[in-house]
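Survey of secondary and tertiary structure
Listed below are the residues making up each chain.
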Amino acid sequence: RHAEQRYRSMLERMPVGVFVHDGQRFYYANPAALRIMGVPTLEELSRCSPLDVVAPEYRGLARDRIAALLKSGEALPTVQAAVVRSDGTKVNVE
């Protein structure tokens, strides 16, 4: 339990956005991720699927990467892409 609390505290304080999803819905987003997306809460972010927030020109790449990750269960190398914030602006992400 102590290790879990320490891990959560670390994620909550990271300046880097971290999302957890299953390809269909978001289960977690740290405060930095919520700021990147321009939403105040995970509940608001969860109104859309992870693919919905990916900029249209990167959705095919994101779909393929989600499928590969779900199939293999192994981490993939990072890539450059963009997400669309709640106000419609694009933000480059890794």
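Now for a description of the structure that goes with this document. Computed from a prediction, not measured in an experiment: that's the story for all the values here.

This brings us to the overall build of the chain. Looking only at helices and strands, one finds five helices and four strands in the chain. Start at the N end of the chain and walk to the C end: the helices and strands fall as α-β-β-α-α-α-α-β-β. Compactness check: the chain gives a C-alpha radius of gyration of 14 Å against a globular reference of 12 Å for 94 residues, within 12% of the reference. If you line up the chain on its principal axes, its C-alpha atoms span 40 × 35 × 20 Å. Looking at the chain as a whole, 26% of its 94 residues are labelled buried. For the chain, the share of sequence-separated contacts (at least 6 apart) that also reach a separation of at least 24 residues comes to 31%.

This paragraph deals with helix α5 (residues 59-72). Over its 14 residues, α5 runs 20 Å from end to end, which matches the ideal 20 Å to within 8%, given 1.5 Å per residue. Looking at the residues trailing α5, positive phi occurs at Gly-73, about 75°.

Turning our eyes to something else, we now look at the pairing of strand β4 (residues 90-93). The pairing of strand β3 (residues 81-84) with β4 spans four bridges and is classified as antiparallel. Bridging from a neighbouring strand, Ala-82 pairs with Asn-92 of β4. Connecting the antiparallel pair β3 and β4 is a turn made up of five residues, with Gly-88 showing a positive phi of about 90°.

What follows concerns the nonpolar core. Of all hydrophobic cores here, the largest spans nine residues; its members are Phe-26, Ala-29, Ala-33, Leu-34, Met-37, Val-39, Leu-45, Val-53 and Val-83. With three residues, the top contributor of residues to this core is helix α2 (residues 31-37). If sequence neighbours within four positions are ignored, Phe-26 has contacts with Phe-19, Val-20, His-21, Leu-42, Leu-45, Ser-46, Cys-48, Ser-49, Pro-50 and Val-53.

Rules used in this analysis
Each chain carries its own residue numbering, running from 1 in the written order of its sequence. Local features in this predicted model are restricted to residues whose pLDDT is 70 or higher, and side-chain atom pairs enter the listing and the counts only when it is 80 or higher, whereas totals over whole chains, interfaces and linings include all residues. The basis for the side-chain values is all heavy atoms of the structure; hydrogens and waters are excluded. Labels follow the DSSP assignment, with helices taken as runs of H or I lasting at least four residues and strands as runs of E lasting at least two, numbered in each case from the N terminus. The globule rule used here is 2.2 Å times the number of residues to the 0.38 power, and the radius of gyration it is set against is calculated over C-alpha atoms. The classification of residues rests on relative accessible area computed with a 1.4 Å probe and restricted to protein chains. Under 20% of the type maximum is buried, over 50% is exposed, and intermediate values are partly exposed. In this analysis, two residues are considered to be in contact whenever any of their non-hydrogen atoms come within 4.5 Å of each other. Given the number of residues in a helix, its expected span is that number minus one, multiplied by 1.5 Å. DSSP bridges decide pairing: two strands pair if at least two such bridges lie between them. Only buried residues count toward a nonpolar core, which is a set of Ala, Val, Leu, Ile, Met, Phe, Trp, Tyr and Cys residues joined through side-chain atoms within 4.5 Å.

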